[in-house]
Amino acid sequence: MTKRDYLTVTDFTKKETLELIDEAIKLKHERKSGVNHNDLAGKTLGMIFEKSSTRTRVSFEAGMMQLGGHALFLSHRDIQLGRGESIHDTANVLSRYVDGLMIRTFAHSGIEEFAQYAEVPIINGLTDEHHPCQVLADLMTIREEKGDLTGLTMCFIGDGYNNMTHSLMEGAALMGMNMHVASPEGYEPSADITNKVHSLHETNGGSFQFSHDPAAAIADADVILTDVWASMGNETEEAERMEKFADYQVNGALVSSAAPNYMFLHCLPAHRGEEVSASIIDGPRSFVFEEAENRMHAQKALLKKLL
Ligand code: CP
Ligand code: NVA
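Bear in mind the structure is a predicted one, so any value in this text is a computation, not a measurement. For every chain, the first residue of the written sequence is number 1, and numbering continues from 1 onward in sequence order. Chains and ligands are labelled by the order in which they are written, letters from A for the one and numbers from 1 for the other. Per-residue local features are limited, in this predicted model, to residues with pLDDT of at least 70; the limit for side-chain atom pairs, both in listing and counting, is 80 or more; totals at the level of whole chains, interfaces and linings are taken over all residues.

(A) Structural context of the overall build of the chain. Helix and strand content of the chain: twelve helices and nine strands. Based on C-alpha atoms, the radius of gyration is set beside the globule rule, defined as 2.2 Å times the residue count to the power 0.38. Relative to the 2.2 N^0.38 estimate, which gives 19 Å for 307 residues, the radius of gyration of the chain is 19 Å and therefore close to what a compact globule would have. Dimensions of the chain, computed from the C-alpha atoms along their principal axes, are close to 55 × 45 × 35 Å. In this description, any two residues whose backbone-derived C-beta atoms lie within 7 Å of each other are considered to be in contact. The long-range fraction of contacts in the chain, counting pairs at least 24 apart against all pairs at least 6 apart in sequence, stands at 76%. Secondary structure elements are defined from DSSP: runs of H or I of at least 4 residues count as helices, runs of E of at least 2 residues count as strands, and each element is numbered from the N terminus.

As structure tokens, then:
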């Protein structure tokens with residue numbers, strides 16, 4: 001059987017993604033009612049981190065344990081990859097020990113190279129360009145609250161050239177949702193991903209719209225998302241970004257034109273008072289902690305499918 005990887009949201013079809021979400025919801029209910037699983041007994045997931053993480057690390061590790069398997073945390077500071085051993089050799093060697101690899105790294109081309117040389121499934125735990133596992137959990141959270149995803153309007157306010165924005169654009173296009181993105185000039189989403197989602201919308205329905213106007217983007221939105229203004233890797237641009245993004249904060253005034261029963265989502269970590277006001281992220285329409293919890297359930301479904 002040829003291995004499957006999960007590097008971007010569109011590596012799975014719409015049907016496969018919906019099946020994963022429904023399996024994740026089932027696993028969540030079973031976990032809460034005390035049902036134990038042993039599907040991944042004897043299996044090991046290697047987890048290579050070249051950037052910090054709270055949710056991704058713990059949700060994958062706990063998820064593997066809950067499925068009867070084992071997870072290995074491999075910091076780039078400790079393995080030879082961080083001292084210059086090639087991706088080719090690392091992928092080849094680790095494939096002989098583990099049953100799957102989750103990788104958090106910088107350039108997306110790095111994880112593609114891993115996928116090329118590894119003989120085991122590669123799961124993207126975040127690159128500069130994509131964060132598919134987070135979006136799987138986001139779609140699950142929306143499905144739990146709203147049911148059918150088709151035709152819902154999702155909006156993202158903030159950094160357009162961002163892993164979350166790109167994966168959300170792909171998720172919306174796969175599901176036939178309408179996606180509105182508003183970002184300051186110079187922070188537009190990738191042109192390649194924009195072209196790809198336009199053609200996916202032609203097949204699946206819904207549409208993609210980009211503007212520099214957050215008020216226009218948020219009008220009637222069912223789901224509102226944002227993310228940090230300076231992602232991991234952008235630390236030196238922080239001061240400049242704070243200025244350029246100042247009018248892009250998700251706050252009470254901005255959300256007043258969204259659908260009354262909107263959901264607010266944020267992948268976390270968040271900066272209250274920057275990309276979102278405390279009144280919104282800690283308010284009654286925020287689902288951020290359910291969303292964080294769903295990382296684990298969604299990834300359990302993914303691990304069961306791939307490993
Ligand atoms: N949302 C997310 O990926 O969080 P971590 O950086 O803590 O893993
Ligand atoms: N865009 C953020 C997401 C963190 C989970 C970053 O890359 O730092």
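Here the narrative resumes, following the displayed structure.
(B) Seen up close, the environment of Asp 99. Mapped onto the secondary structure, Asp 99 falls in the loop between helix H3 (87-94) and strand E3 (100-104). With C-beta atoms placed from the backbone, the exposure class of a residue follows from how many other C-beta atoms lie within 10 Å of its own: 20 or more, buried; 12 or fewer, exposed; in between, partly exposed. With 19 C-beta atoms counted inside 10 Å, the residue Asp 99 sits in the partly exposed group. With residues up to four places along the chain from it excluded, the contact list for Asp 99 reads Lys 43, Thr 44, Leu 45, Val 120 and Leu 307.

(C) Inspection of the nonpolar core at higher detail. What we call a nonpolar core is a set of buried Ala, Val, Leu, Ile, Met, Phe, Trp, Tyr and Cys residues whose membership is set by joining through C-beta atoms within 7 Å. The biggest cluster of nonpolar side chains holds 86 residues, and the ones touching the most others in it are Leu 101, Met 154, Val 223 and Ile 224. Taken together, domain 1 (14-131 + 293-306) and domain 2 (133-290) each give at least three residues to this core, which thus spans both. Aside from chain neighbours lying at most four places away, what touches Ile 224 is Cys 155, Ile 218, Val 250, Val 255, Ala 258, Tyr 262 and Phe 264. Throughout, the edges of the domains are those of an automatic or database domain assignment.

(D) Structural detail: the packing of helix H5 (residues 132-146) against helix H12 (residues 288-306). Running from N to C, H5 and H12 cross one another at 110°; their axes reach a closest spacing of 8 Å. The angle between the axes of H5 and H12 places the two elements in the roughly perpendicular class. When you trace H5 past H12, the crossing you get is right-handed. Residues Cys 133, Gln 134, Leu 136, Ala 137, Asp 138, Met 140 and Thr 141 of H5 lie in contact with H12, whose contacting residues are Glu 290, Glu 291, Asn 294, Arg 295, His 297, Ala 298, Gln 299 and Leu 302. Only the contacting stretch of a helix is used when fitting its axis, a line to C-alpha atoms as for every element, and angles between N-to-C directions run 0 to 180 degrees. With respect to orientation, any angle under 35 degrees is reported as roughly parallel, any angle over 145 as roughly antiparallel, any angle of 65 to 115 as roughly perpendicular, and every other angle as oblique. In this scheme the crossing of two helices becomes right-handed for a clockwise turn of the near helix relative to the far one and left-handed for an anticlockwise turn of less than a right angle.

(E) Fine view of the UniProt feature "binding site: L-ornithine" (unreviewed entry) in the chain. UniProt positions are given in the numbering used here, feature names are shortened, and annotations may be inferred rather than shown by experiment. In the numbering used here, UniProt assigns the feature "binding site: L-ornithine" (unreviewed entry) to Asn 163, Asp 227, Ser 231 and Met 232. For the annotated residues, spread through 70 residues, the largest C-alpha to C-alpha distance comes to 11.5 Å, consistent with a single compact locus. For Asn 163, the contacting residues outside a window of four places in its chain are Leu 126, Thr 127, Asp 128, Glu 129, His 130, His 131 and Ser 231.

(F) Broad picture of the site of ligand 2. Around ligand 2 sit Leu 126, Asn 162, Asn 163, Met 164, Asp 227, Val 228, Ser 231, Met 232 and Cys 267, and those are all the residues in its vicinity. Its residues assigned to classes, the shell around ligand 2 shows five nonpolar, three polar and one charged. To decide nearness, the C-beta atom of each residue is placed from the backbone, and the residue is near a molecule or strand if that atom lies within 6 Å of it. Amino acids are sorted into nonpolar (Ala, Val, Leu, Ile, Met, Phe, Trp, Tyr, Cys and Pro), charged (Asp, Glu, Lys and Arg) and polar (every other residue, Gly among them).

(G) Representation of the site of ligand 1 in the model. Every residue close to ligand 1 is listed here: Ser 53, Thr 54, Arg 55, Thr 56, Leu 126, Gln 134, Cys 267 and Leu 268. Residue composition of the shell around ligand 1, grouped by class: three nonpolar, four polar and one charged. Residue contributions to the shell around ligand 1 reach at least three from each of two domains, namely domain 1 (14-131 + 293-306) and domain 2 (133-290).

(H) Looking closely at the pairing of strand E9 (residues 263-266). Residues Met 263 and Leu 265 of E9 are buried on one face, and the alternating residues Phe 264 and His 266, pointing to the opposite face, are buried as well. Of the strand pairs in this sheet, strand E8 (residues 223-226) and E9 are connected by four bridges, and their pairing is parallel. If you follow Leu 225 over to E9, its bridge partner there is Leu 265. Pairing between strands requires that DSSP locate at least two bridges from one strand to the other.

(I) Representation of H12 within the structure. The span expected for a helix works out to 1.5 Å for each residue beyond the first. In this model, H12 (19 residues) spans 27 Å end to end at C-alpha, consistent with the 27 Å of a helix rising 1.5 Å per residue. The seven residues ending at a residue and the seven starting there each receive a fitted axis; the angle between those axes is the bend at that residue. By the largest-angle criterion, Asn 294 marks the main kink of H12, which is about 30°. Every buried residue of H12 is accounted for by Glu 291, Ala 292, Asn 294, Arg 295, Met 296, His 297, Ala 298, Gln 299, Lys 300, Ala 301, Leu 302 and Leu 303.

(J) Main features of unusual backbone geometry. Cis geometry marks the peptide bond from Leu 268 to Pro 269, where omega comes out at 5°. Here Pro 269 is to be found in the loop between E9 and helix H11 (278-281). Of note, Leu 126 is a non-glycine position whose phi angle comes to about 120°, a positive value. Secondary-structure assignment places Leu 126 in the loop between strand E4 (122-124) and H5. Positive phi outside glycine occurs at Leu 268, with the angle close to 65°. Relative to the elements of secondary structure, Leu 268 occurs in the loop between E9 and H11.

(K) Quick peek at H5. For H5, built from 15 residues, the straight-helix expectation of 21 Å at 1.5 Å per residue is met to within 8% by its first-to-last C-alpha distance of 21 Å. When you tally the buried positions in H5, you get eleven out of 15 residues, the bulk of the element. Among all positions of H5, only Pro 132, Cys 133, Gln 134, Val 135, Leu 136, Ala 137, Asp 138, Leu 139, Met 140, Thr 141 and Ile 142 are buried. Elements in contact with the buried residues of H5: helix H1 (14-32), E4, helix H6 (163-175), E8, E9 and H12. Phi for Gly 147, located one or two positions after H5, is positive at around 80°.

(L) Layout of the confidence of the model for the chain. A residue-level look at the chain finds 100% of positions with pLDDT of 70 or above and a mean pLDDT of 98. At the level of chain-chain contacts, confidence expressed as ipTM amounts to 0.99, with global pTM at 0.98. pLDDT measures how confident the predictor is about each residue, on a scale from 0 to 100.

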